[in-house]
Amino acid sequence: MDISEIQDLNNSDPLQDKAREFHLPGDKIYLDGNFLGAMPKAVLERVQDVLKREWAEELIHSWNDNDWFVLPGKIGDKIARLIGADKGEVIVSDCVSANIFKAVMAALRLQKGRTKIVTELGNFPTNLYVLQGIEKMLDGKVELIAVERNEVLKSINDETAIVVLTHVHYKSSEVFDMAHYTEVAHSKGALILWDLCHSAGVMPMDIARLDVDMVVGCGYKYLNGGPGAPAFVSVAKRLQSKMEQPISGWWSHATPFLFDDNYNPAGDIRQMQSGTQSVLALSALEVGIDLALSADMNEVRKKSSQLGQVFINLLQENCPALEIASPANDEKRGSHVSIRHEHGYAITQALKARGIVVDFRAPDIIRFGFAPLYNSYQDIWNTVQALKHILDSGEWDRDEFKLQATVT
Ligand SMILES: *Cc1c(COP(=O)(O)O)cnc(C)c1O
């Protein structure tokens, strides 16, 4: 590939104007939208309005007058459109870890008599940790079956209460076939929960049509909701009236403002909430969601795949010795491409010194995340040129690049 092909791709990119909606530091190429999405410019105005008018001037009236109380469901309905869920099936609440806990506990209650939770070894650690915590808390009544990817389907049987999988793997970027795995889980009478952290906002999805039982996902990656943005959780309508989740706080009550001593579950998606949410964080998140909704998700996926393909092609031409740790097949790859290198951390720091922001996942993975709404083909070209230089010259081999920071 040469630079003129890159320019052609840039010029014919139907999403090229979207980058203007984001604040992107001029001295950086940002390839870490899979860890923290860039800031939409409109967030500044929106959050200022929430601060100066809704909070400072209108105070508690904002809970009603500015929709603060219903914001989690209102934003949830917008996320539903992004992931193909029905209205009333998604709510924004808490963090992904808490939502996994609530959803899996609810699933276990729905599946009385079934005692196994199936997941993938090497799944994102918080998913494994929360499931291990549930196993410990339930003291032998439930067993966690964590197996290699190719063993997952075989491990689902008539003892399985729920299967917990992550749609796009955080390291390898491998995509699970959501339709097939959901079908197999259902054929054995198991429920399935999909974690959409690395796919929401970069892939079209149709979770209602696939009859998926539950999903969780985060707001701060490709949805550009800001650091610590609240997460979302979805439960299929057919399960909502029967489900019970253990953090049965007042926001999950049918009538929280009657202040009844007794718990009476909401009986709809509000039941997956627990308590008061951060309105500032919700407001910022809504701006990111609106931006995602302004793009055609099929175009987004097409560009995401093509950015990855161009990156892989350029790596093969320019850095042939590098080990690519993600699928070459576009359909099997999410929106990031990983490479494996024993000096991976030092290489990420050498890239950082050249203004290229990527991240490192121990022990040896460097992730290059492609956010179709603001990354360009030129970004990919410049990154591979820099990487080639860093590798060929040994520029990464400096003491200051090897001092590992807390967050990588
Ligand atoms: C980022 C991520 C999370 C984040 O969980 P939080 O509890 O919101 O911090 C969970 N699962 C996966 C797969 C992730 O990539």
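Residues numbered from 1 in each chain as written. Predicted model: local features only at pLDDT ≥ 70, side-chain atom pairs only at ≥ 80, totals over all residues. Heavy atoms only, no water.

*Asks:* Give a description of the overall build of the protein chain that names residues and reports values.
*Replies:* What the protein chain contains, in helices and strands, is 13 helices and 15 strands. Relative to the globule expectation of 22 Å for 408 residues, the C-alpha radius of gyration of the protein chain, 22 Å, shows essentially globular dimensions. Taken over the C-alpha atoms alone, the protein chain extends approximately 70 × 55 × 40 Å along its principal axes. For the protein chain, the proportion of its 408 residues judged to be buried stands at 55%. Look at the contacts in the protein chain between residues 6 or more apart in sequence, and 73% of them connect residues 24 or more apart. A total accessible area of about 17,700 Å² is found for the protein chain, and carbon and sulfur atoms account for 51% of it. On the protein chain, the mean spot of the 41 positive side-chain charges and the mean spot of the 55 negative ones are 2 Å from each other. (Helix = DSSP H or I, 4+ residues; strand = E, 2+ residues; numbered from the N terminus. Rg over C-alpha atoms; globule rule 2.2 N^0.38 Å. Buried < 20%, exposed > 50% of the residue type's maximum accessible area, 1.4 Å probe, protein only. Contact = heavy atoms within 4.5 Å. Areas by Shrake-Rupley, 256 points an atom, 1.4 Å probe, with all protein chains shown as cover. Lys, Arg positive; Asp, Glu negative; His and termini not counted. Charge placed at Lys NZ, Arg CZ, Asp CG, Glu CD.)

*Asks:* Residues and numbers for the site of the ligand, please.
*Replies:* In the region of the ligand, the neighbouring residues are Cys 95, Val 96, Ser 97, Phe 124, Thr 126, Asn 127, Thr 166, Asp 195, Cys 197, His 198, Tyr 220 and Lys 221. One of the side-chain nitrogen or oxygen atoms of Tyr 220 is found 3.5 Å away from an oxygen atom of the ligand. One of the side-chain nitrogen or oxygen atoms of Lys 221 is found 2.5 Å away from an oxygen atom of the ligand. Summarising the interface, the protein chains cover 88% of the accessible area of the ligand, which totals 390 Å² for the free molecule. Elements with a contribution of two residues or more to the shell around the ligand: α5 (96–110) and α6 (125–137). (Near = heavy atom within 4 Å. Polar contact = N/O pair within 3.5 Å; in protein donor to acceptor, adjacent residues only side chain to side chain.)

*Asks:* I'd like a description of a negative patch on the surface, backed by residues and values.
*Replies:* On the surface, Asp 2, Glu 5, Asp 8 and Glu 317 cluster together into a negatively charged patch. Looking at where Asp 2 falls in the secondary structure, it is placed in the segment before α1 (3–11). (Patch = residues over 30% accessible without salt bridge, like charges linked within 9 Å, V, L, I, M, F, W, Y side chains within 5 Å. Salt bridge = Lys/Arg side-chain N within 4 Å of Asp/Glu carboxyl O.)

*Asks:* Tell me about the sheet that holds strand β12 (residues 336–340), and please be specific about residues and values.
*Replies:* Spatial strand order, β11-β12-β15-β14: 4 strands in an open sheet with antiparallel pairing. The open sheet has two free edges, formed respectively by β11 (323–324) and β14 (359–361), since each of these has just one partner strand. Bridge analysis of β11 against β12 gives 2 bridges, and the strand direction is antiparallel. Looking at the pairing, Glu 323 lines up with Arg 340 of β12. Its contacts with the sheet place helix α11 (residues 297–318) against β11, β12 and β15 (365–369), and it is angled at close to 25° to β12. (Pairing = 2+ DSSP bridges. Axes fitted to C-alpha atoms, helices over the stretch in contact; angles between N-to-C directions.)

*Asks:* Please provide a residue-by-residue account of the packing of α5 against α6, values included.
*Replies:* For the pair α5 and α6, the least separation of the axes is 10 Å and the interaxial angle reads 45°. The angle between the axes of α5 and α6 places the two elements in the oblique class. At the point where α5 passes α6, the crossing takes the right-handed sense. Contacts between α5 and α6 pair Ser 97, Ile 100, Phe 101, Val 104, Met 105 and Leu 108 from the former with Thr 126, Asn 127, Val 130, Leu 131, Ile 134 and Met 137 from the latter. Split into classes, the residues belonging to the contact of α5 with α6 amount to 9 nonpolar, 3 polar and no charged. (Parallel < 35°, antiparallel > 145°, perpendicular 65-115°, else oblique. Left-handed = near helix turned anticlockwise from the far one by under 90°. Nonpolar A, V, L, I, M, F, W, Y, C, P; charged D, E, K, R; others polar.)

*Asks:* Let's hear about the sheet that holds strand β5 (residues 116–120): which residues, and what values?
*Replies:* One open sheet holds the 7 strands; their spatial order is β4-β10-β9-β8-β7-β5-β6, and the pairing between them is mixed. Looking at which strands have only one partner, the edges of the open sheet turn out to be β4 (90–92) and β6 (143–147). Each adjacent strand pair in this sheet contributes to an overall mean axis angle of 15°, direction not counted. Of the strand pairs in this sheet, β5 and β6 are connected by 5 bridges, and their pairing is parallel. Within β6, the position partnered with Ile 117 by the bridge is Leu 144. Helix-sheet contacts for α5 involve β5, β7 (160–166), β8 (191–195), β9 (214–217) and β10 (232–235), and the interaxial angle to β9 is about 170°. Of the strands in this sheet, β7 and β8 touch helix α8 (residues 178–187), which is tilted by about 155° from β8.

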